[in-house]
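Results of the structural survey
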Amino acid sequence: MSDVYDKIMDLAKRRGFIWPTSECYGSVAGFIDYGPLGSMMKRKIENIWRHFYVVQEGYYEIECPTIGQEDIFIASGHVKGFSDKMCQCPSCKEYLRADHVAEGQNIAGASAMSAEQLSEVLCKLCCPACGEELGKVEVFNFNLMFATTIGPGSQRTGYLRPETAQGMFTDFSRLLRFYRDKLPFGAVQIGKSYRNEISPRQGMIRLREFTQAEAEIFVHPSEKTHPMFSRYADYKIPLLGIAQQLGNTDPLTVTMREAVDLGLVANEYVAYYLALTHQILTTIGVKPERMRFRQHLCEERAHYAEDCWDAEIFSDRFGWVETVGIADRTDYDLRAHERQSGQRFAVFLQYQTPRKVRQVRVIPDMAALGPRFRGKAKAVADALCACAPGPGGVTITLDGEEIEVPAALYQVREEEVEVPGEEVTPHVIEPSYGIDRMIYGVLESSYDEELVDGEERKVLRFPPQIAPVQVAVFPLMARDGLPEIAAEISEQIRQRGILAEYDDSGAIGRRYRRQDEIGTPFAITVDYDSKDDASVTLRDRDSMRQVRVPIEGIADRMRGLVEGRISFSEL
């Protein structure tokens, strides 16, 4: 095969999967339209994701606005630090992402370089847009968020969200009550996110508006044993850990139990969602041999993360493409929103039996503090209670002022108290899926070409669950009562929730090829024998085998085939 990417994009545009957006005005890089078939396929992939996270895992879905007020993104760190390093070509004036220019010309580690280091590297490289040498260019940070204003008069700054996660963090207190104040619990969200990419040149791989599916699972900080870990304990996937990357060795294929026991994966929660992600990607049609899980190196992992992995899908054009991120984000996000909002983001967990503990209690002498410190007396008393003063007095800091408090103004008592529970700030496990990248991964995994009777057959070998059209129904001829029988069969299948497409245009071989090209897994042909014996020809897309089946019960049979409860070979 020549360039698979070009062939896939040609098919996708021609058959209504993916189109350039606002094409009549010249389109804009980083935006795409999903056509009729692409939109249906996208919804089916999203619903498979929902099946795993909502039905299997029991995490309810919420929906938050795509525009958020500035405080949200100050807390999350996006206002200050969500930026890429950018430069401008002095010849063609194109803005370029500096680290991508360097990496595209085989400069290793460019993403970890400073602006000054990148500037030195780029001076000898060529612009990917015009081919001219860049020379000495300035590299500077460019914030990737789209800014807007909320309300008239530009009084309130807002941003288009760069990820769906923040809404689940800001809703934490209400989610906690919804889940009856118990850990662990989780919430999921599927929706649009926006990043003002500097120079997107990778089609569906790098978009300025894209769909994310994220889960935020809130767990006890010191109890990261997944209650259902046995479901995936023996599940094997290829793990490219830090040691394998530094040693330049192949991924290590181990079970999730072994990965945790070896210390390759930080805990059972991260391992569980690595396996779950592998299962989702294979379910939607990504070939296992095109998939690996790469652990973030120390210099690329966020400082607050305990562990972070990327599910990567191999592309013939782009190499290994990050498609899903699975991270243990500790309590960073909740504490950040706690500081910014002034609200407590914590869970009170009651002990089964109250515990007796000895603690030191400070008792300020308010009768003495009042005359001495006057208006500051209460603040001094609160500061005393918050520290552990010694028997010889203590120095506290109040509004930047150091204040000496003699021992005579307070008492220190040690006493035994009964503690009913503890307050903890949960840690967050976050699997984050790029739906558009998943769709491209499926397209590239499913695309195939072969010669059949001397003629090229292009076929998308989608799993039946995600195929836009799942059954095609053909009358052999558009006369003699055959169209009526075919139309009735189509209606019966649709009533079972299966999308059937009726087609009576052209030779039957051409109709088969049209459906193969859009990935329709099954085709039913009504012929003249159908009028005599009430049977039809059922064709399988992948093997092109055909079998006669009775019309009676055809709708239930097709539903079983699409859902995988029946295999074509059984027929």
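Residues numbered from 1 in each chain as written. Predicted model: local features only at pLDDT ≥ 70, side-chain atom pairs only at ≥ 80, totals over all residues. Heavy atoms only, no water.

1. Regarding unusual backbone geometry
In the segment running from L183 into P184, the intervening peptide bond is cis, with an omega of -5°. When you line up the elements, P184 lands in the loop between helix 8 (172-178) and strand 10 (185-194). Although it is not a glycine, T330 sits at a positive phi angle of roughly 50°. Examined against the element boundaries, T330 turns out to sit in the loop between strand 16 (319-328) and helix 12 (332-341). Residue T330 is classed as buried on the basis of its relative accessible area, which comes to 13%. (Helix = DSSP H or I, 4+ residues; strand = E, 2+ residues; numbered from the N terminus. Buried < 20%, exposed > 50% of the residue type's maximum accessible area, 1.4 Å probe, protein only.)

2. Things to note about the environment of Y25
Relative to the helices and strands, Y25 is located in the loop between strand 1 (18-20) and strand 2 (32-34). Assessed through its relative accessible area of 75%, Y25 is described here as exposed. For Y25 and T255, which are 230 residues apart along the polypeptide, the C-alpha to C-alpha distance reads 52 Å.

3. Considerations on the pattern of salt bridges
Scanning the model with the defined rule gives 52 salt bridges in all. Of the charged contacts in the structure, one is a salt bridge between D84 and R97, with a shortest N-O distance of 3.0 Å. With D84 in strand 5 (residues 83-88) and R97 in strand 6 (residues 95-97), the pair connects residues that are 13 residues apart, well separated along the chain. Given the relative accessible area of 12%, D84 is considered buried. Here D480 and R479 are joined by a salt bridge, their closest N and O atoms 3.6 Å apart. (Salt bridge = Lys/Arg side-chain N within 4 Å of Asp/Glu carboxyl O.)

4. Remarks on helix 2 (residues 36-56)
Compared with an ideal rise of 1.5 Å per residue, which puts 21 residues at 30 Å, helix 2 spans 29 Å between its outermost C-alpha atoms and is within 8% of the ideal. Largest kink in helix 2: about 30°, centred on R50. Listed in full, the buried residues belonging to helix 2 are L37, G38, M41, K42, K44, I45, E46, I48, W49, F52 and Y53. In this structure, the buried side of helix 2 is in contact with strand 2, strand 10, strand 11 (209-219), helix 11 (268-283), strand 21 (427-434) and helix 15 (435-446). (Expected span 1.5 Å × (residues − 1). Bend = angle between axes of the 7 residues up to and from the residue. Contact = heavy atoms within 4.5 Å.)

5. Observations concerning the side chain of S193
If you trace the backbone, S193 turns up in strand 10. Classification of S193 as buried rests on a relative accessible area of 0%. In this structure, S193 is in contact with R161, P162, E163, T164, R208, E209, F210 and Q212, ignoring residues within four places of it in sequence.

6. So, the sheet that holds strand 7 (residues 140-143)
On the basis of which strands lie adjacent, the open sheet formed by three strands has the order 6-5-7 and antiparallel pairing. Lying at the two open borders of the sheet, with one neighbouring strand each, are strand 6 and strand 7. Each strand of the sheet is rotated relative to its neighbour by a mean of 50°, with strand direction disregarded. Here strand 5 runs beside strand 7; their pairing, made up of four bridges, is antiparallel. Across the sheet, the residue bridging to M86 is F140, located in strand 7. (Pairing = 2+ DSSP bridges. Axes fitted to C-alpha atoms, helices over the stretch in contact; angles between N-to-C directions.)

7. Concerning the environment of N106
Mapping N106 onto the fold places it in the loop between helix 5 (98-104) and helix 6 (115-122). Using a relative accessible area of 72% as the deciding quantity, one classes N106 as exposed.

8. With respect to the sheet that holds strand 28 (residues 546-550)
If you trace the five strands from one edge of the open sheet to the other, you get 25-24-26-27-28, paired in mixed fashion. Of all strands in the sheet, those bounded by a partner on one side alone are strand 25 (500-502) and strand 28. Neighbour-to-neighbour, the strand axes of this sheet turn through a mean angle of 25°, independent of strand direction. Bridging between strand 26 (residues 522-526) and strand 27 (residues 535-540) involves four bridges; their strand directions are antiparallel. Bridge pairing in strand 27 links I524 to L538. Its contacts with the sheet place helix 17 (residues 508-517) against strand 24 (471-475), strand 25, strand 26, strand 27 and strand 28, and it is angled at close to 170° to strand 24. Sheet contacts for helix 19 (residues 554-563): strand 24, strand 26, strand 27 and strand 28; angle to strand 26, the most-contacted strand, approximately 160°.

9. Considerations on the packing of aromatic side chains
Throughout the structure, instances matching the rule amount to 24 aromatic pairs. With centroids separated by 5.8 Å and ring planes inclined at 75°, the aromatic side chains of W49 and Y433 adopt a geometry described as edge-to-face. With W49 in helix 2 and Y433 in strand 21, this pair connects stretches of sequence that are 384 residues apart. Judged by its relative accessible area of 0%, W49 is buried. When the ring of Y60 is compared with that of Y179, the centres are 6.2 Å apart and the planes differ by 55°; the resulting orientation is tilted. Here Y60, found in strand 3 (residues 60-61), pairs with Y179, found in the loop between helix 8 and strand 10; they are 119 residues apart in sequence, far enough to count as distant. (Phe/Tyr/Trp six-rings, centres within 6.5 Å; stacked < 30°, edge-to-face > 60°.)

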